[in-house]
Every structure is written in C-alpha cells, then in structure tokens.
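Notes for the structure review
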Amino acid sequence: MAVIAQKCPGIEVTVVDINQERIDAWNSDKLPIFEHGLDEIVKQSRGKNLFFSTDVDRAIEESEIIFISVNTPTKSYGEGAGKAADLKFVELCARRIAGTAKNDKIIVEKSTIPVRTAEMIKRIMQESQTDFSVQVLSNPEFLAEGTAIQDLHNPDRILIGGEETKGGRQAIETLASVYEAWVPKDKIIKTNLWSSELSKLTANAFLAQRISSINAISALCEATQADVDEVAQAIGKDSRIGPKFLKASVGFGGSCFQKDVLNLVYLCEHFGLPEVAAYWEKVVTMNNYQKSRFTKNIVKTLFNTVSGKKIAILGFAFKKDTNDTRETAAISVCRDLIEEQANLSVYDPEVKESKIRKDLNLKDGEERQLTIHDDPYTACEGSHAIAILTEWDEFKQLDYQGIFRAMEKPAFLFDGRNLLNIEKLRSIGFQIRGIGRV
Ligand code: UDX
C-alpha cells in the first residue's frame, strides 16, 4: 500500500487495523516491520496520501477499492486442522464491509486464500446488499521479504482475477489502472477469479518444491561426495531449469511456503484427488526431514552427544534482511538441540530476544539452556560448535580466527546455508560441515 501511495499521488491510501498498537507503530518513527527501503517510502507519503488508522468503518465507507490483507494461517482446530487455511479473519472483514458499505465497492483479495474464497465474500455481500454493486477481485501478492520494495517496484507480473461479466471486467480494468502507473501493461495478467487464486498457491508450491528437490539431492551429495552447489550450478545452466531458487539449505521457512503447500494438499483431498495431495505433501515432508537431518548431523558429529555442550546459533530469521521468524528452520533446530540438552547461545542481528523466546516456547527448566546475545563473538565464546542458520551477510565478515581461538576444541562449524569458504575455515582449524558437501 505504501508503494501504491508512492507511485500514485492522486490516490489516497488508508491502511486500517483493529490493533491500536500496530497502527501507532506505523505512525511512529519505528515501523513494526524491518524491510529495506520501506521506512523512506512510508515517511515520504505518510500524512499526504498514505494514512494509518483504526477507524475501520470510515475507511470502508470512503473507499472505492478495499484490499483484504489479513492473515490466513493454517487452521489449528476442527475440520482441516494442520492443513486448511483459517479464513475467519477474511470472513470477519467481509462481514464488516457488508455491514458498513453504502455505495459501490471493489473488494480485492490480497491475502493468500484457498480457491473459491471469492465466492464466500460475494455471498456475504449479497445477503446484506441493497442497491449498490460489489465486485470481488483476486490480486495475489508475489513479493518476497527482504526484497519487498524492489519486487514491488519491478514485479515479474501483476495478476488480477475477476468475474467474467461486464462489471467484473470493468473492475479488473480499474485495478489494473492503479498498477499501470508504474508497471508495463504487458506484465499485468488478467484471468478469471479461480485461476488467479490457484496461481498464487501453485507459484508457492513450485518454489517450495524446487528447494525441497535440491535439499533432497543435498542428502545424496553428502553420501556420494558430490557437491550440491556444483550440481545446482550445472543443472541451473539448463535454460528450462534456470539458476534461481536452487540453494540447498537447512530448510525453507517463512509464512507462506509450508502453509500454502498444505493448503493445496487440503484442497486436493477435498476435491477427491488423494494422489495429487500426496505428491505435494512430500514437499513439506522433505523440508521437515532436512531440518531434522541438520540437527542429527550436529549431534552425531559432536561424538553422539550435545548434552551440556554450548552451541552458538548464528541467525534466527527465516532468511536474511528480515526480522520475520515465522516457520524459520531455526525454531525446529533449536528446539531439537534443547531436547538433546544442549546449551544454546543465539545471535541474530534483527530478531528481538522476546521473539526468540516466544517462538521456542521453552518448558520450565529449559529456560536456563538458552541465552540470547547482541554480539556474535560473545555468542560463540567457549562454544563446542557454531551453527549458521540464516545467511546474513555480516556472518561472512566475522573474525573467524578470533572466534576459533575462543572456542572449545575440536571447534565445529555447521554451515546451514553454505555461506562460508570451507577451505579458509579449515585452514584456521575448524571442523566444518556444510549442506550437501563433504
Ligand atoms: C515467498 C515467495 O518467494 C513469494 O513470491 C511469496 O509472495 C511469499 O513467499 P518469502 O517467504 O518472503 O517469499 O521468501 P523466499 O525468498 O521465497 O524464501 C523462502 C524460504 O526459502 C527462506 O527460508 C529461504 O531461506 C529459503 N530458500 C529460498 C532456500 O532455502 N533456498 C533457495 O534457493 C531459496
């Protein structure tokens, strides 16, 4: 929304939320999200054509286009628990709009949702509507965290799905005209509602599948003395495969991949396609395997026990350049190591201590096994091993000679991101293990 405000000075954008604290943060100097370039864009437009408010009803009444951008987490209860998307927040938004709107509206699904959610929104609107028209569009977001602003400024495509009626087509054109302020027309794809909704889930499933595929091969590389980065480079040169998204890692995280793949699995099961469901579910199974394989490798290498040993964890965010920890591989790895009675000292340049503690949800008695540091050197001091779980650039520049001196020997280093130069670290004296390389 900040980028729309920046690129379309003639459009007034109001972001509303029922959470006063969050809106206050958006109106303050310290925004609630860490994302490169976002601060400047928000500060540039805030108070001019970009507003943050808790006055939800007023924003609904005054707006012509309403984006529903609430979260749709994996359902944790009842039918579909663990797989289906929980649509309660989307439904609450639709009901609030239905109860407040008094004139024509275009409602845009920005949240990632299962196929045919637009139907639910339309039904709710139809029940209460009197004499104005409502169009529901699907306009999924493809930005990735850490590169959000550049992805928004220069998207691969904008996808808009709508009803195949005159009103539907008009609504699509209205929304397309917003993006046309900065996106070339040939990058704006217009489809029917269901294609658009399904494309978002499919895109994330394909991306997650690529990572699980290369991670599966990483296990085979370790068994055969091949090097997964060399394999990735070799296959990525095939223009049909391409070089991106082939980085083997400790496992993918983030708010989207697991949730959306499971959502797709649930949809396939719901529509009576168990073979298709099983196929996609393996993408998540492989990711879980990769995370636990990493921890098991640490335990095995440290002479089959980490009990009472200090392990430094460098990086907790699910990827670099974000403070987001949702579904981060670090949660599983740290939890498993704590179960194994290791003492963890965690350092991440952006994630706050309170968030790490909340994510790890430690039981009574486990708290003393965890310390959080604001300096990587103290985190590593006296440790038996270091595990790199996020590919932060600063980890490439650390004084590993000094770190090595201050560690217990043999000094182990597990590079969950294949970030560091193995030869250089070996020459310092580290026992180093990467992913998919010997
Ligand atoms: C993803 C999609 O890329 C984006 O289009 C969608 O809108 C939201 O979900 P995001 O989760 O922000 O974006 O980050 P992404 O860069 O896709 O990384 C996801 C996870 O995969 C991270 O944990 C990352 O470290 C991991 N990853 C990514 C790998 O392990 N290897 C890779 O080659 C790429």
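What comes next is a walk through the structure. (Residues numbered from 1 in each chain as written. Predicted model: local features only at pLDDT ≥ 70, side-chain atom pairs only at ≥ 80, totals over all residues. Heavy atoms only, no water.)

1. Things to note about the layout of surface pockets
- In this structure, the second largest pocket encloses a volume near 280 Å³.
- Surrounding the second largest pocket, 15 residues form its lining, L87, P114, V115, Y266 and L267 being those nearest its centre.
- Where the lining of the second largest pocket is concerned, the elements lending two or more residues are α6 (117-128) and α11 (257-270).
- The dominant element in the lining of the second largest pocket, judged by the number of residues it contributes, is α11, at four residues.
- Taken together, the residues of the lining of the second largest pocket sort by class into nine nonpolar, three polar and three charged. (1 Å grid on protein atoms, 1.4 Å probe; cavity = no way out; pocket = protein on both sides within 12 Å on 5 of 7 lines; lining within 4 Å. Points joined across faces, edges and corners; volume = space filled by probe spheres on them. Helix = DSSP H or I, 4+ residues; strand = E, 2+ residues; numbered from the N terminus. Nonpolar A, V, L, I, M, F, W, Y, C, P; charged D, E, K, R; others polar.)

2. Details of the pattern of salt bridges
- A complete count under the given rule lists 30 salt bridges for this structure.
- Of the charged contacts, one joins R116 and E119 as a salt bridge, the two residues approaching to 3.3 Å between their closest N and O atoms.
- On the basis of relative accessible area, R116 is assigned to the partly exposed category, the value being 38%.
- Several salt bridges converge on common partners, so that one network encompasses D227, D229, K247 and R437. (Salt bridge = Lys/Arg side-chain N within 4 Å of Asp/Glu carboxyl O. Buried < 20%, exposed > 50% of the residue type's maximum accessible area, 1.4 Å probe, protein only.)

3. Observations regarding the packing of aromatic side chains
- One pass over the full model with this rule turns up eleven aromatic pairs.
- A ring pair is formed by F245 and F257, whose centres lie 6.2 Å apart and whose planes are at 70°; its orientation type is edge-to-face. Separated by twelve residues along the polypeptide, F245 in the loop between α10 (228-236) and α11 and F257 in helix α11 bring together distant segments of the chain.
- Judged by its relative accessible area of 39%, F245 falls in the partly exposed class.
- Between F412 and F414, the ring centres sit 6.3 Å apart and the planes meet at 25°, which makes this aromatic pair stacked. Of the two residues, F412 and F414, neither departs from the other in class, the shared state being buried.
- Among the aromatic residues, those joined into a cluster by ring pairs are F206, Y279 and W280. (Phe/Tyr/Trp six-rings, centres within 6.5 Å; stacked < 30°, edge-to-face > 60°.)

4. Observations regarding the state of the cysteines
- All chains considered together, the criterion is met by zero disulfides.
- C268 takes part in no disulfide bond, and the closest cysteine sulfur to it belongs to C256, at a distance of 18 Å.
- Here C380 stays free of any disulfide, with the sulfur of C334 as its closest cysteine sulfur at 13 Å.
- C380 gets classed as buried once you look at its relative accessible area, which sits at 1%. (Disulfide = S-S within 2.5 Å.)

5. Concerning the pairing of strand β8 (residues 310-314)
- Most of β8 is tucked away: four of the five residues are buried.
- Examined bridge by bridge, β8 and strand β9 (residues 343-347) share five bridges and lie parallel to one another. Residue pairing in the sheet places A312 in a bridge with S345 of β9.
- Read from β8 through helix α13 (residues 329-339) to β9, the crossover connection turns out right-handed.
- In the sheet, β8 pairs with strand β11 (residues 385-388) via four bridges, with the strands oriented parallel. By the bridge assignment, I311 is partnered in β11 with A385. (Pairing = 2+ DSSP bridges. Right-handed = clockwise from strand over helix to strand, strands pointing away.)

6. Topic: the pairing of strand β10 (residues 370-373)
- In the sheet, β9 pairs with β10 via four bridges, with the strands oriented parallel. Across the sheet, the residue bridging to Y347 is H373, located in β10.
- The β-α-β motif built from β9, the intervening helix α14 (residues 353-360) and the parallel element β10 has right-handed crossover chirality.

7. A few points about the environment of K296
- With respect to the secondary-structure elements, K296 resides in helix α12 (residues 274-301).
- Residue K296 is classed as exposed on the basis of its relative accessible area of 59%.
- With 27 residues separating them in the primary sequence, K296 and N323 have C-alpha atoms 26 Å apart.

8. Some points on the packing of helix α9 (residues 193-224) against α12
- One can describe the packing of α9 onto α12 by two numbers: an axis separation of 9 Å at closest approach and a directional angle of 45°. As the angle between them shows, α9 and α12 are arranged oblique. The two elements α9 and α12 cross, and the hand of that crossing is left-handed. Contact residues: α9 offers A205, F206, A208, Q209, S212, N215, A216, S218, A219 and E222, while α12 offers Y279, W280, V283, M286, N287, Y289, Q290 and R293. (Axes fitted to C-alpha atoms, helices over the stretch in contact; angles between N-to-C directions. Parallel < 35°, antiparallel > 145°, perpendicular 65-115°, else oblique. Left-handed = near helix turned anticlockwise from the far one by under 90°. Contact = heavy atoms within 4.5 Å.)

9. Describing the site of the ligand
- In the vicinity of the ligand, 20 residues are found, and the nearest of them are F142, E145, S249, F318 and R417.
- Between the ligand and F318, the relevant distance is 2.8 Å, taken from an oxygen atom to a main-chain nitrogen or oxygen of the residue.
- Out of a free accessible area of 660 Å², the ligand has 91% covered by protein chains.
- When the residues that make up the shell around the ligand are grouped by side-chain class, the tally is eleven nonpolar, three polar and six charged. (Near = heavy atom within 4 Å. Polar contact = N/O pair within 3.5 Å; in protein donor to acceptor, adjacent residues only side chain to side chain. Areas by Shrake-Rupley, 256 points an atom, 1.4 Å probe, with all protein chains shown as cover.)

10. Things to note about unusual backbone geometry
- Looking along the chain, the bond that leaves K409 and enters P410 is cis, with omega of -5°.
- In this fold, P410 is placed in the loop between α16 (400-405) and β12 (412-415).
- Although it is not a glycine, F245 adopts a positive phi angle of roughly 60°.
- Phi at Q341 is positive, roughly 70°, even though this residue is not glycine.
- Within the secondary structure layout, Q341 lies in the loop between α13 and β9.
- On the accessibility criterion, Q341 (48% relative accessible area) is partly exposed.

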